[in-house]
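So you can see what is in the structure, the chains are spelled out below.
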Amino acid sequence: MTGTRIAALGHYQPAKVLTNSDLAALVDTSDEWITSRVGIRTRHMAGPDEPVDELAAHAAGKALAAAGLGPADIDLVLVATSTAIDRSPNTAARVAARLGMASPATMDLNVVCAGFTHALATADHAIRAGGARRAMVIGADKMTEITDWTDRTTCVLVGDGAGAAIVEAVADDAEPCIGPVLWGSVPEMGHAVRIEGTPPRFAQEGQSVYRWATQQLPALARQACERSGIAPEDLAGVVLHQANLRIIEPLAAKIGAVNAVVARDVVESGNTSAASIPLALAKLVERGELPSGAPTLLFGFGGNLSYAGQVVRVP
């Protein structure tokens with residue numbers, strides 16, 4: 001078995017931006033109401049001619065360029081998404097076709113907001129087991145397409161976007177840069193976050209999610225750090241699922257990551273579900289806020305009340 005690392009990152013958001021003032025013209029809300037409850041100020045919205053696989057392909061193309069690689073260098077494509085309308089071809093296959101990849105294995109993973117960290121662990125496992133050489137791992141969601149725009153409790157939360165990471169093997173004598181995953185779920189609370197119906201619509205029990213996240217997740221996040229042999233105070237970065245600033249800030253404090261840069265991309269991007277972690281991570285790296293090799297905790301949580309987290313070294 002060998003170790004793995006993130007070789008490069010890429011991200012993409014649609015050009016259209018919705019402000020809180022824009023939403024106030026649609027539903028009974030205000031900038032003060034939204035920012036005081038969830039901390040979001042803006043979010044990006046894809047158009048009807050921008051499907052999820054297009055968002056994903058843009059992010060993947062940027063990751064390839066950042067790594068100096070071509071489509072033929074990827075032999076596994078994993079896309080974490082819960083908003084692909086079509087079942088087949090899956091989103092991963094459509095991304096591979098858009099980018100002209102040769103013959104990669106292609107799979108979608110639907111673990112909603114924890115999708116990217118699940119997909120990252122799956123790529124890590126596949127490479128360690130010899131099933132793949134280099135993987136493209138993408139989180140992409142078009143949440144605005146499954147949103148009830150008359151429901152002010154959910155429509156103020158969501159945005160669209162994608163983030164991608166290239167995962168590859170490291171030399172046998174090199175230190176692995178993707179740590180062991182801690183993952184699980186709370187099946188009996190799966191009703192707390194839902195995308196159901198025809199057409200599908202996003203709904204959640206906000207208070208239940210808030211209580212669970214703030215009370216249960218700090219201990220789980222610390223366990224993820226333990227599996228990588230790193231103390232929370234030694235983390236350089238913390239990138240949690242970007243659901244709500246009022247969850248992110250107290251959760252990071254409870255983890256004990258006192259010296260870490262904490263991603264707050266939710267303020268400008270909203271909740272982009274599976275895209276939120278790679279989107280936020282890619283921006284921190286692009287802006288130089290996390291230097292190469294910085295130990296960073298990634299922790300996704302949400303839909304299905306599933307969770308997955310691991311410590312990685314950023315490229």
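Everything that follows concerns the structure shown earlier in this document.
Residues numbered from 1 in each chain as written. Predicted model: local features only at pLDDT ≥ 70, side-chain atom pairs only at ≥ 80, totals over all residues. Heavy atoms only, no water.

Engineer: Could you clarify how one ought to interpret the packing of aromatic side chains in this entry?
Structural biologist: Each pair of aromatic rings is reported with the distance of its centres and the angle of its planes. Within the structure shown, the criterion is met by two aromatic pairs. An angle of 45° between the planes, with centres 6.5 Å apart, marks the rings of Trp212 and Tyr307 as tilted. Within this pair, whereas Trp212 is found in helix H7 (residues 206-227), its partner Tyr307 is found in strand S14 (residues 306-313), the two being separated by 95 residues in sequence. Per residue, the accessibility class of Trp212 equals that of Tyr307, and both read buried. Between Phe299 and Tyr307 the ring centres are 6.3 Å apart and the planes differ by 10°, which places this aromatic pair in the stacked class. (Phe/Tyr/Trp six-rings, centres within 6.5 Å; stacked < 30°, edge-to-face > 60°. Helix = DSSP H or I, 4+ residues; strand = E, 2+ residues; numbered from the N terminus. Buried < 20%, exposed > 50% of the residue type's maximum accessible area, 1.4 Å probe, protein only.)

Engineer: How should the pattern of salt bridges be read in this particular structure?
Structural biologist: Pairing of side chains with opposite charge becomes possible as their charged atoms draw close. The full count for this structure, using the stated rule, is 15 salt bridges. A salt bridge links Glu205 to Arg194, with the shortest nitrogen-to-oxygen separation between them at 3.7 Å. Of this pair, Glu205 sits in the loop between strand S10 (201-204) and H7 while Arg194 sits in strand S9 (residues 193-196), and the two are 11 residues apart along the sequence. Taking relative accessible area as the criterion, Glu205 reaches 29% and is therefore assigned partly exposed. Given the relative accessible area of 24%, Arg194 is considered partly exposed. By sharing partners, the salt bridges in this structure join Arg5, Arg134 and Glu168 into a single network. (Salt bridge = Lys/Arg side-chain N within 4 Å of Asp/Glu carboxyl O.)

Engineer: Can you help me understand helix H3 (residues 52-67) in this one?
Structural biologist: Because each turn of an α-helix spans 3.6 residues, side chains separated by three or four positions end up pointing in the same direction. Between its first and last C-alpha atoms H3 spans 23 Å; for 16 residues at 1.5 Å apiece the expected length is 22 Å, and the two agree. Along H3, the positions that sit buried rather than exposed are Val52, Asp53, Glu54, Leu55, Ala56, Ala57, Ala59, Ala60, Ala63 and Leu64. Each element contacted by the buried residues of H3 is listed here: strand S1 (4-12), helix H4 (91-99), strand S6 (134-142) and strand S7 (160-169). Immediately downstream of H3, the backbone of Gly68 shows phi near 70°, a positive value. (Expected span 1.5 Å × (residues − 1). Contact = heavy atoms within 4.5 Å.)

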